[in-house]
Amino acid sequence: MEPSSWKLAPAVSALYLDHLFGDSAVPSFATSAILAAVPFPSHSTPRFHRARLLRRLASDPLSASALSSILLLASTPSAPTAAAQAHLAVAAYLAATGDDFDAVVGVVFDPRVAAEGALAACSEAADVVGQFRAAVGTPSAQATLKSRWGNQSAAERRVRELIEAEWAAIGPSLLEQATQRIGGDAAPETWRAADEATRSMYQQLVGEERAQEIHALLNSHAGPTSTSTPEHIKFINKLKRSTQELHDAVDDPLPAAKEDAERAKAILLAKGVKPSGAPWSSSPTSEASHPRPSLFTPRNVVRSPLQTNLYASPSQTEKQPLHGKFKDGQHADQKKARRKARKWSEGEEIALKSGVQRCGVGKWKQVLLGNPQAFHDRTAVDLKDKWRNLSKRAPA
DNA sequence: ACTGGGGTTAAAG
DNA sequence: CTTTAACCCCAGT
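Residues numbered from 1 in each chain as written. Chains lettered and ligands numbered in written order. Predicted model: local features only at pLDDT ≥ 70, side-chain atom pairs only at ≥ 80, totals over all residues. Heavy atoms only, no water.

What about the overall build of chain A?
Now for step 1: Summing up its helical and strand segments, chain A has 20 helices and zero strands in all.
Now for step 2: Per-residue burial for chain A yields a buried fraction of 44% across its 396 residues.
Now for step 3: Long-range pairs, those at least 24 residues apart, make up 73% of the contacts in chain A between residues at least 6 apart in sequence.
Now for step 4: In the structure as shown, chain A presents an accessible area of about 20,800 Å², 55% of it carried by carbon and sulfur atoms. (Helix = DSSP H or I, 4+ residues; strand = E, 2+ residues; numbered from the N terminus. Buried < 20%, exposed > 50% of the residue type's maximum accessible area, 1.4 Å probe, protein only. Contact = heavy atoms within 4.5 Å. Areas by Shrake-Rupley, 256 points an atom, 1.4 Å probe, with all protein chains shown as cover.)

In C-alpha cells, the structure reads:
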C-alpha cells in the first residue's frame, strides 16, 4: 500500500471514517492505521466521534480517561442505564483502589463535574455516591466500600455492557443511509425528487435491473409528496462514488485484518475457549461481531455457524438448535428443541427502536439486516415479538 | 418468504 | 397462582 497515492478530500475522508470506524467488525488496529493514512476529516461525524470513544474505552476501560469517555457518551445518551452503571462502576472502582481515597472521591464524585446528571438514570447511584462522600476521612467505612467496589472484573463488565449497548445503537453509516435512499426501499421517494441527470447517475449505481424495479414502483403509486432535496442527494452521491474509488484503491488492509480476526476467532472456538477473561479489552472487536453487510458488496447476509457472539453469556455459547434440523426417517417426528430464552440486552432494545425508526414498524427483516451486529442470534420473528412486548409496556 | 396473531413455556412476582 | 417475557406455530398474503 502506498499511502502517498491516496488523494482524498477531507470531506470524503469524513464519510469513509464514518463508515469504517462505526463498523465494530473492523478491528481497532486497522482503524488506527487508516486514520493515520488519510487526511483528518474536515467535519467529523457524530458516528465517527462516538465510535472513536468506544474504541478508546474498550482498550482502556478502567481509568480516569475512561471515565471522561463515559461522560461524553452519556451526554448524548443512547443507553442511559448502561452509561450510568458503567460510570458508577468505574468511578467507584477508581476510588476503591486508588492510593488516596479522599482525593479520588473528591474528583470522581465531584458534583461540579455534572456526574450527577449522567448518573441520574441509575437508581442506586445517588445512594452509592452518598456512601463514598460519607466515607471520606473514615477508614473503617472505606474498607467496606473498597471490598464492595474494588472488583476489577465486575467494573469491566459494566463498561463492556455499555460498549455493547452503544455499538448496537450506533446505527447505519451515512454511506449506508445514502445507499438505502438511492437503491433501497426508500428509493422511489428519492428518485422522484431527482432530475434526469441525477437519475442516470443513480441508475449507474444500482444497476439497470434495480433501476427498472424502482421506476415501476415509482409509477405504481405516483404520489406527489417528496421530502428530500436533490442537491443533498447529489452531494451524497458524488461523495459515495469517490469513496467507492477510494475503497477500490485501499481494499488491501481491511480484508486481511478481518481475516486475521476471523482466524483468531476460529482458533479460539476450536479450542473451546470461552471469552471470559480479558481478551475483549486488548482487542475489542477482533474476535467479535458478525460482519456487517458492506456498502461495497451485495447485501445478501449469510451468517456462518462459526460466528458467535463476543458478549454471549458463557453459559450458552454451546449449541443452539436454531440452525440445525433433523430430517432422517428414524426421528422424523423429532420436534425442534426450544431455544433457551435469553433476556434482551439494553443494546438490542435500542437497536430495535432505532431500526423501527429507520424502517418502520413491521419491517422486521429489514431492521434485522440493517444492523446485524446488534442482534445476537435473533430472528425477525423475535424482533416482532420483542416489539409487541415493548408496546405493551409503554402503550404511548 | 414475511408478517401478524394466537399459543406455549418458564421464570418472576 | 397470576403475570410477564421470550420463543414457537401457523395461516394469510
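That covers the picture; the talk isn't over yet.
Some thoughts on the packing of aromatic side chains
Now for step 1: The tally for this structure, following the rule as stated, stands at seven aromatic pairs.
Now for step 2: Ring centres of Phe 101 and Phe 132 lie 5.8 Å apart, and the angle between their planes is 10°; on these two criteria the pair is classed as stacked. One end of the pair, Phe 101, is in helix H6 (residues 101-108); the other, Phe 132, is in helix H8 (residues 125-135), with 31 residues separating them in the sequence.
Now for step 3: Ring geometry for Trp 191 versus Tyr 202: centroids 5.4 Å apart, planes at 55°, classification tilted. You can see Trp 191 sitting in helix H12 (residues 187-193) and its partner Tyr 202 sitting in helix H13 (residues 196-206), a full 11 residues away along the chain.
Now for step 4: For Trp 191, a relative accessible area of 0% puts it in the buried group. (Phe/Tyr/Trp six-rings, centres within 6.5 Å; stacked < 30°, edge-to-face > 60°.)

Structural notes on H8
Now for step 1: Every buried residue belonging to H8 is among Ala 125, Val 128, Val 129, Phe 132 and Ala 135, and all of these are buried. Buried residues of H8, seen end-on, are gathered within an arc of 130° and therefore sit on one face of the element. Opposite the buried face of H8, by more than 90 degrees, sit the exposed residues Ala 126 and Ala 134.
Now for step 2: Immediately downstream of H8, the backbone of Gly 137 shows phi near 80°, a positive value. (Arc of directions from axis to C-beta.)

Looking at the protein's contact with DNA strand B
Now for step 1: Every residue near DNA strand B is listed here: Arg 338, Gly 362, Lys 363, Trp 364, Lys 365, Ala 380, Lys 384, Asp 385 and Arg 388.
Now for step 2: Each atom of DNA strand B within 4 Å of the protein was assigned to sugar, phosphate or base; sugar and phosphate come to 46%.
Now for step 3: One of the side-chain N or O atoms of Lys 384 is found 2.6 Å from a base oxygen in DNA strand B.
Now for step 4: Within the residue set of the surface near DNA strand B, elements represented by two or more residues are helix H19 (364-370) and helix H20 (380-393). (Near = heavy atom within 4 Å. Polar contact = N/O pair within 3.5 Å; in protein donor to acceptor, adjacent residues only side chain to side chain.)

A few points about H6
Now for step 1: Every buried residue of H6 is accounted for by Phe 101, Val 105 and Val 108. One side of H6 carries all its buried residues, which in axial view fall inside an arc of 80°.

Side note on the confidence of the model for chain A
Now for step 1: Averaged over all residues, the pLDDT of chain A equals 72, while 67% of them reach at least 70.
Now for step 2: Per-element averaging of pLDDT across chain A places helix H17 (residues 279-282) at the bottom with 34 and helix H3 (residues 46-59) at the top with 95.
Now for step 3: For the stretch residues 267-319, pLDDT sits under 50, and the model shows 84 contacts to residues farther than four places along the chain or on other chains.
Now for step 4: Low pLDDT, under 50, characterises residues 321-332; the predicted model gives this stretch five contacts beyond four residues in sequence or across chains. (pLDDT = per-residue confidence, 0-100.)

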